[in-house]
Amino acid sequence: MTSPLFPGPSATRRTLFKSAGKATAVLAAAALTLSACSTGPASSSADTSASSSSSSQFPVTIEHVYGETIIEEQPTRVATVSWVNDDVAIALGVVPVGVPKNEWGGNEQGSTPWKDAALEELGAGFGSDKAPVQYSEADGINFTEIAKLTPDVILAAYSGLTEEDYKKLTEIAPVVAHPELAYGTSWQDSTSIIGKALGKEAEAAKLVSDTEATIKEKVAEYPQITGKSFIYGNLEPASAEGVNVYTANDNRPRFLSEIGMELAPVVEENSKGSKEFFIPWSAEKANELESDIFVTWVPDAATTDSIKSDPLLGQIPAIKNGALVADSDNTLTLSISASSPLSLPWSLDTFLPQLASAADAVK
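What counts as what
Residues numbered from 1 in each chain as written. Predicted model: local features only at pLDDT ≥ 70, side-chain atom pairs only at ≥ 80, totals over all residues. Heavy atoms only, no water. UniProt positions renumbered as here; feature names shortened; annotations may be inferred. Helix = DSSP H or I, 4+ residues; strand = E, 2+ residues; numbered from the N terminus. Expected span 1.5 Å × (residues − 1). Buried < 20%, exposed > 50% of the residue type's maximum accessible area, 1.4 Å probe, protein only. Arc of directions from axis to C-beta. Core = buried A, V, L, I, M, F, W, Y, C linked by side-chain atoms within 4.5 Å. Contact = heavy atoms within 4.5 Å. Polar contact = N/O pair within 3.5 Å; in protein donor to acceptor, adjacent residues only side chain to side chain.

In the annotation of an unreviewed UniProt entry, the entry for the protein chain reads Fe3+-hydroxamate ABC transporter substrate-binding protein, and the organism field reads Pseudarthrobacter scleromae. According to the UniProt record, the Sequence similarities (unreviewed entry) comment for the protein chain reads "Belongs to the bacterial solute-binding protein 8 family." Listed in UniProt under the heading Subcellular location (unreviewed entry), the comment for the protein chain reads: "Cell envelope".

*Asks:* Sorry, what's going on with helix α9 (residues 201–219) here?
*Replies:* Along an α-helix, residues three or four positions apart point the same way, because every turn accommodates 3.6 residues. The first and last C-alpha atoms of α9 sit 27 Å apart over 19 residues, in line with the 27 Å expected at 1.5 Å per residue. All of the buried residues in α9 are E203, A204, L207, V208, T211, T214, I215, K218 and V219. Along the axis of α9, the buried positions cluster into a sector of 140°, meaning they face one direction only. Exposed and oriented more than 90 degrees from the buried face of α9 are A202, K216 and E217.

*Asks:* I would appreciate a short explanation of the nonpolar core in the present structure.
*Replies:* Considering soluble globular proteins, one finds that nonpolar side chains tend to be buried as a cluster. Ranked by internal contacts, the top residues of the largest apolar core, which has 50 residues, are F255, L256, I259, L289, F351 and L355. No other element matches helix α15 (residues 343–360), which puts 8 residues into this core. Not counting residues up to four positions away in its chain, the partners in contact with F351 are F255, L256, V295, V325, L332 and I336. In terms of nonpolar packing, the next biggest core, distinct from the first, is built from 39 residues, A89, W114, Y183 and A204 among them.

*Asks:* Explanation requested: the environment of L355 in the structure shown.
*Replies:* Relative to the elements of secondary structure, L355 occurs in helix α15. Taking the relative accessible area as the measure of exposure, L355 reaches 0% and is therefore buried. A C-alpha to C-alpha distance of 9.8 Å links L355 and K228, two positions 127 residues apart in sequence. Once residues within four sequence positions are removed from consideration, L355 is found in contact with I225, L256, I259, M261, I293, V295 and V325.

*Asks:* I would appreciate a short explanation of helix α12 (residues 301–309) in the present structure.
*Replies:* If you check which residues of α12 are buried, you get T303, T304 and I307. Along the axis of α12, the buried positions cluster into a sector of 105°, meaning they face one direction only. Across α12 from its buried face, at more than 90 degrees, point the exposed residues A301 and S309. The inward-facing, buried residues of α12 abut β8 (229–235), β12 (293–297), α13 (317–320) and β13 (324–327). The opening residue of α12, the one whose side-chain oxygen lies 3.3 Å from the backbone nitrogen of A302, is D300.

Printed below as a string of structure tokens:
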């Protein structure tokens, strides 16, 4: 299974896993106003009333790439796969019975700062008796551990489930698969889909609206970003694979477009009709990757220097002009790559200044 973080012919999920603030508090506090699933902290009488109202929405039908899933009753035991899905459930006040470990970009708990903060607010931080069980996905979907938890729904609205994965998971519980493209579900759509599956459509709509407002407020502090063209890609100076460029199907370019930047025409033109989240690009044609700003991920500062000095990659116009954003913080990279209503607000105070600095270098 190819990872959406760093694409390439040899970039399997397993090898990539092995190789490689303030707004969160606002969202986490907002999550407390939402009713918690019975797998989380004990509900108050008000929560019980809200839960009863939500239950009347069922059964619900979720359409997805492999057909449709009918959820007969409001789920009380929720399991998730891939990234994003657990963030969304937690942001909606639902503590899953099981979630994947964040084995790339995570902390010593196999979690993330934004997830830890939200779980703590719900009284279910890792290490507590109400915390979700964690399982590894380093070798793919962990069917065995998920089955042990006897979930009544499995969330995979943002995922790369194969049809075989989907069929195996449906033997455990109803599965909410991705609607169309593997790893191509926007965080807004993931939130809406999961909200419907959990009987929390109104809460999900408010979560999307509140998150977008938080992002808009922060972006307004950096007006130089607006209108700048960008390319978000993966640069490997030591690899013959050279360059991979993310398309509009991917959440990274999607996020930059949503904050007022413009995907470079060279990417638009060369990915028309593509259903992939990236396109390979020959390093010999790196000089044709014209944009104001180039954004990438690097394992360390030395790699940034190697990119700048590389005889081919160094000819990318934005890099020549000093407008390279090369992020070496795996957790920050994850927060944008697998974007969610929890991760994006967490990322803003670090990521936006990086973009602004690159925008200031544009001539």
